[in-house]
Amino acid sequence: MPVFNQSRSRIIRLIFLIAFIVIIAQLFYLQVISGKYQRLADENAILKKVVYPPRGLVFDRKKKALLNNTLAYDLMVTPSQAKGIDTTYFCRLMEIDTAEYRKRIIAAIIKNKSFRPSVFEASLTAQKYARIQENMWRFESGFYIQERPIRSYPSNCGANIVGYIGEVDTNYLKRHTGEGYLSGDYAGMTGIESSYEKALMGQRGIQYLIKDNFNRIKGPYENGTLDEKAIAGNNLYTSLDIDLQLLGEKLMTNKVGSIVAIDPATGGIISMVSSPTYNPNYLTGSERRKNFSQLYQDPQLPLLNRAVNANYSPGSTFKTLQALVGLHEGVISTTTTFSCSGAFYGCGSAKPMKCLDPGTFYLKTAITHSCNTYFANVMQRVINNPKYPTMDSSLRNWDRYMYAFGLGHRLGIDIPTEQTGNIPTPEDFNKIYGNGRWNFCTYRSVSIGQGEVNTTPLQVANEMAYLANKGWFIIPHIVDSIEGGDKFGLLEKYKKRNVPIDIPDTIFSSVQDGMQGVMESGTGRGAQVPGVIMCGKTGTVENYYRGVKQPNHSFFAAFAPRDNPKIAIMCVVENSGRFGGTYAAPIVSLMIEKYLNDTIAANRIALEERMTNTNLIPPLMLQKMRTRDSLMQVKRDSMERIKTELIDSLQMQETPEDGMKLTPQKNNVPKRKVPAGDPSRTNIMIKPDDRKQLVKTRVTPGLKNDLV
């Protein structure tokens with residue numbers, strides 16, 4: 001063979017060899033190194049189905065269930081496999097249009113990729129579930145039904161305590177990276193559902209199902225040997241009393257405010273009422289989104305937990321703490337007297353601070369009759385105490401007491417979003433008035449629980465627990481124990497006594513004498529519980545909205561019995577316009593009686609009914625409610641007008657040949673070409689009973705242009 005031919009033959013062999021090596025290398029990469037096609041093959045042949053565990057249950061102190069689990073059914077979609085189905089028929093079953101179908105598919109791809117299952121519709125109604133289940137064989141290539149436990153609330157109470165669960169979003173996933181959450185999972189969003197999510201959630205399981213070449217599920221993969229079982233969440237046992245909670249919510253019907261009751265010995269919350277409230281079953285099931293929207297827009301703010309989120313001046317309930325400070329600082333004794341001629345003139349006669357009961361008072365009678373002048377003098381002595389060289393130092397010392405009593409900071413209750421309240425500091429006044437340009441007379445109203453001091457209802461109830469225990473408290477909390485143990489250390493801080501300041505028991509006894517006098521001969525005497533020695537304090541709280549004086553809040557705080565106290569409790573009724581003894585005190589007395597005696601005496605049932613039936617919705621809130629109702633009525637009228645005019649656009653036209661005939665209304669508006677992406681191409685079919693908001697409406701030529 002010539003040399004030239006031999007050389008060409010070697011080149012050809014070399015080319016074939018290189019091509020062969022490249023092919024082998026590519027096959028090796030695809031089959032061994034890259035998992036892309038293995039993953040695609042598995043996705044086509046195997047369905048990895050999440051098995052959601054039952055969330056832990058929540059029980060009250062008597063082992064009654066606050067909430068249970070029930071099953072809901074989510075329709076899941078894998079977008080990459082939802083091809084070739086009868087979309088029109090599917091949309092008819094789901095009661096949506098094709099535009100909504102595309103929107104949900106795109107949202108699923110954006111949120112969770114096209115090859116991963118996502119929720120197409122959560123919590124199917126019974127009717128939709130039946131229709132889809134019957135026709136699932138038509139859509140098994142891309143859809144399947146996912147069982148998921150959801151909450152039910154047998155007692156219909158405590159909505160703001162237990163909170164609700166919701167589908168996690170991208171922000172939630174970012175905040176909880178590494179905790180095993182996936183798109184489509186549900187987690188606690190508020191209340192103890194959120195605080196104890198780690199204990200309640202359990203551990204998800206996985207079920208592997210094999211599919212045939214038509215993507216139909218044929219059964220378990222490898223006989224279920226690879227499946228991972230779901231592990232149920234842990235149950236929670238709380239200090240709550242469901243019967244007392246129900247009574248509290250009943251008494252606060254048509255009122256705005258809160259009730260908080262604590263067991264002083266343990267710090268356990270016995271009852272926590274926020275009013276207006278809502279039925280917790282509204283935020284579960286297929287109507288959850290609709291109900292949440294309505295609650296969110298409600299001017300009464302039922303989603304707001306006023307017990308931990310609302311701030312109020314505490315009014316005269318604050319005088320008990322002023323007494324503690326004055327006695328412990330030594331600026332007064334139990335026999336120190338101050339005279340009141342009808343007002344406090346300690347800051348000059350030009351600005352007197354009025355007092356309801358003129359006279360001469362010592363500590364016990366000053367608490368009993370709630371004398372403003374007495375406690376203004378007490379705080380003035382505390383602030384002007386020569387032991388502290390400057391106003392800054394004396395106010396900081398006073399602040400130290402208030403922080404120790406649990407005010408001006410979060411207590412640390414096991415419910416999210418607790419607010420701090422406010423105790424004024426030198427920095428606050430320096431910012432407002434300038435350095436050194438203020439003194440006691442600048443903030444004298446603080447001495448009687450008004451002005452710059454603000455508290456949450458929880459803090460006032462804890463103040464009562466502190467007084468009942470004579471100098472110590474346990475951080476208030478809802479959950480007492482977790483079934484299976486506190487694996488995450490969630491309860492550790494609720495086991496310790498807090499003794500913030502060493503104040504002798506004799507000082508507490510002196511303050512308690514005055515509080516007992518309130519119930520026996522003072523402003524709370526109309527709220528006594530027969531056979532129970534109570535210590536209480538009324539408060540009538542002035543308040544303003546945007547500088548305009550509003551009706552007074554009704555405040556009352558108490559503990560009972562005086563010896564070996566079992567309950568510390570407070571109640572605020574916003575803008576009742578009356579005294580603390582008028583509404584808040586009777587409500588508290590009924591709550592105490594129910595808790596201690598497990599019943600309401602027959603001769604006090606009339607009081608219970610009167611408190612329940614009294615409507616004290618504040619005027620401002622009523623105005624907002626009327627405005628909301630008017631806007632909703634306008635919206636409903638607009639929807640009715642739209643439907644009427646759309647129906648009228650198909651009108652009866654008479655012709656000599658055919659008589660009466662139903663034909664579309666004609667018009668002479670010239671036609672125009674509509675681009676593919678023009679929103680006006682969107683068509684909406686309106687049913688006669690449809691009450692849903694129209695987001696996009698194509699205005700039919702000839703109709704008015706104000707149909708939005």
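What you see is a predicted model; the values in this text were computed from it and never measured.

J.: How do you make sense of the overall build of the protein when you look at a structure like this?
T.: Secondary structure assignment for the protein yields 22 helices and 22 strands. Expressed as a percentage of its 708 residues, the buried residues of the protein come to 48%. Summarising the internal contacts of the protein: among those between residues at least 6 apart in sequence, 71% fall at separations of at least 24. Carbon together with sulfur atoms contributes 53% to the accessible area of the protein, which is approximately 35,700 Å² in total.

J.: Where do I start with the pairing of strand β3 (residues 65-77) in this structure?
T.: Within a regular beta strand, the side chains point alternately toward one face of the sheet and then the other, so they alternate between its two faces. Here strand β2 (residues 58-59) pairs with β3 via two bridges, running antiparallel. Bridge assignment links Val58 to a residue of β3, and that residue is Leu67. What sits between β2 and β3 in their antiparallel hairpin is a turn of five residues, with Lys63 showing a positive phi close to 65°. Sheet analysis places β3 next to strand β5 (residues 143-152), joined by 10 bridges and oriented antiparallel. Counted as the bridge partner of Asp74 is Gln146 from β5.

J.: Please explain the state of the cysteines as it appears in this structure.
T.: Counting across every chain of the model gives one disulfide. One disulfide bridge connects Cys347 with Cys441, the sulfur atoms lying 2.0 Å from each other. Negative torsions about the S-S bond denote left-handed disulfides, and the value of about -90° found for Cys347 with Cys441 makes this one left-handed. Taken as a pair, Cys347 in the loop between β14 (343-344) and β15 (353-354) and Cys441 in the loop between α17 (426-433) and α18 (457-468) lie far apart in primary sequence, 94 residues in all. By relative accessible area, Cys441 is classed as partly exposed at 31%.

J.: Is there a simple way to explain the packing of helix α15 (residues 372-383) against helix α16 (residues 391-404) in this structure?
T.: The relative placement of two packed helices comes down to the angle between their axes together with the axis-to-axis distance. It is at 8 Å that the axes of α15 and α16 come closest, and there the two elements cross at 120°. When the axes of α15 and α16 are compared, the pair comes out oblique. Between α15 and α16, the contacting residues are Met379, Val382 and Ile383 on the first element and Met391, Ser394, Leu395 and Trp398 on the second. The class makeup of the residues in the contact of α15 with α16 is six nonpolar, one polar and no charged.

J.: I would appreciate a short explanation of the sheet that holds strand β20 (residues 567-573) in the present structure.
T.: Strands pair in a sheet through their backbones, by hydrogen bonds, and they do so in one of two ways: parallel or antiparallel. The strand order β12-β11-β20-β19-β18 describes an open sheet built from five strands, whose pairing is antiparallel. Looking along the sheet, the strands with just one partner apiece sit at the ends: β12 (269-275) and β18 (535-545). Sheet twist, expressed as the mean angle between neighbouring strand axes with direction ignored, is 10°. Relative to β12, helix α10 (residues 242-251) is tilted by about 25°, and along the sheet it contacts β11 (257-262) and β12. Across the sheet, helix α20 (residues 584-597) is in contact with β11, β12, β19 (548-560) and β20; its angle to β20 comes to roughly 150°.

J.: Looking at this structure, I do not really get the environment of Glu95. What am I missing?
T.: Inspection of the secondary structure assignment puts Glu95 in the loop between α3 (87-94) and α4 (98-112). Along the chain, Glu95 and Lys128 lie 33 residues apart, while their C-alpha atoms are 8.5 Å from each other. Every residue in contact with Glu95, bar those within four places of it in the chain, is listed here: Lys128 and Arg131. A distance of 3.0 Å separates a polar atom in the side chain of Glu95 from a polar atom in the side chain of Arg131.

J.: What is the right way to look at the nonpolar core in this model?
T.: Soluble globular proteins: nonpolar side chains tend toward being buried together. Counting 128 residues, the largest nonpolar core has Met272, Tyr374 and Trp398 as its most contacted members. Taken domain by domain, this core gets at least three of its residues from each of domain 1 (47-238) and domain 2 (259-277 + 306-479 + 488-618). In this structure, Tyr374 is in contact with Ile332, Ser333, Thr336, Phe338, Phe361, Tyr362, Leu363 and Ala366, ignoring residues within four places of it in sequence. Among the nonpolar cores identified, the runner-up in size contains 19 residues, and Leu75, Cys91, Tyr101 and Phe143 belong to it.

J.: Could you clarify how one ought to interpret α18 in this entry?
T.: The α-helix advances 3.6 residues per turn, and as a result positions three or four apart in sequence lie on the same side. For α18, which comprises 12 residues, the first-to-last C-alpha distance of 17 Å matches the rise-based estimate of 16 Å (1.5 Å per residue) to within 8%. Most of α18 sits out of view: 12 of its 12 residues are buried. Of the positions making up α18, those classed as buried are Pro457, Leu458, Gln459, Val460, Ala461, Asn462, Glu463, Met464, Ala465, Tyr466, Leu467 and Ala468. Within two residues after α18, Lys470 carries a phi angle of roughly 55°, on the positive side.

J.: Hey, could you run me through the packing of aromatic side chains in this one?
T.: Here a ring pair, both rings aromatic, is described through the centre-centre distance and the interplanar angle of the planes. Scanning all chains against the criterion turns up 25 aromatic pairs. Ring-pair connections join several aromatic residues into one group, and the members of that group are Tyr89, Phe90, Tyr101, Phe120, Phe139 and Phe143. The aromatic ring of Phe120 is capped on one face by Arg104, whose charged end is 5.1 Å from the ring centroid. One residue, Arg497, lies across the ring of Trp472, its end atom 3.7 Å from the ring centre.

J.: What exactly am I supposed to notice about the side chain of Gln450 here?
T.: With respect to the element layout, Gln450 can be found in the loop between α17 and α18. Residue contacts for Gln450: discarding those within four places in its chain leaves Ser313, Ser445, Thr540, Val541 and Glu542.

J.: When you look at helix α21 (residues 605-613) in this model, what are you seeing that I'm missing?
T.: Leu607, Glu608, Met611 and Thr612 are the residues of α21 that are buried. The buried residues of α21 occupy an angular sector of 135° when the element is viewed end-on, so they sit on one face. Exposed side of α21, more than 90 degrees from the buried face: Ala606, Arg610 and Asn613 are the residues found there. Buried residues in α21 make contact with α10 and α20.

J.: How should the pattern of salt bridges be read in this particular structure?
T.: Charged atoms that come close allow side chains of opposite charge to pair. According to the stated counting rule, one finds 24 salt bridges in the structure shown. Across the pair Asp185 and Arg204 runs a salt bridge, and its minimum N-O distance is 2.9 Å. Placement of the pair is Asp185 in the loop between α7 (170-175) and β7 (186-188) and Arg204 in the loop between α9 (197-200) and β8 (205-211), with a sequence separation of 19 residues. A relative accessible area of 2% means that Asp185 is categorised as buried. Glu329 is the salt-bridge partner of Lys387, the closest N and O atoms lying 3.5 Å from each other. In this pair, Lys387 sits in the loop between α15 and α16 while Glu329 sits in helix α13 (residues 319-329), placing the two residues 58 residues apart along the sequence. You can call Glu329 buried: its relative accessible area is 11%. A cluster of three or more residues bridged by salt bridges with shared partners is formed by Lys62, Lys64, Asp241, Asp243 and Asp598.

J.: Explanation requested: the confidence of the model for the protein in the structure shown.
T.: Note that predicted coordinates carrying low pLDDT should not be read in detail. Of all residues in the protein, 87% attain a pLDDT of 70 or more, and the chain-wide mean is 85. This model gives residues 651-708 a pLDDT under 50, and the stretch forms 58 contacts once residues within four places in sequence are excluded.

So, how was this worked out
- Residues numbered from 1 in each chain as written.
- Predicted model: local features only at pLDDT ≥ 70, side-chain atom pairs only at ≥ 80, totals over all residues.
- Heavy atoms only, no water.
- Helix = DSSP H or I, 4+ residues; strand = E, 2+ residues; numbered from the N terminus.
- Buried < 20%, exposed > 50% of the residue type's maximum accessible area, 1.4 Å probe, protein only.
- Contact = heavy atoms within 4.5 Å.
- Areas by Shrake-Rupley, 256 points an atom, 1.4 Å probe, with all protein chains shown as cover.
- Pairing = 2+ DSSP bridges.
- Disulfide = S-S within 2.5 Å.
- Axes fitted to C-alpha atoms, helices over the stretch in contact; angles between N-to-C directions.
- Parallel < 35°, antiparallel > 145°, perpendicular 65-115°, else oblique.
- Nonpolar A, V, L, I, M, F, W, Y, C, P; charged D, E, K, R; others polar.
- Polar contact = N/O pair within 3.5 Å; in protein donor to acceptor, adjacent residues only side chain to side chain.
- Core = buried A, V, L, I, M, F, W, Y, C linked by side-chain atoms within 4.5 Å.
- Domains from an automatic or database assignment.
- Expected span 1.5 Å × (residues − 1).
- Phe/Tyr/Trp six-rings, centres within 6.5 Å; stacked < 30°, edge-to-face > 60°.
- Lys NZ or Arg CZ within 6 Å of the ring centre and 35° of its normal.
- Arc of directions from axis to C-beta.
- Salt bridge = Lys/Arg side-chain N within 4 Å of Asp/Glu carboxyl O.
- pLDDT = per-residue confidence, 0-100.

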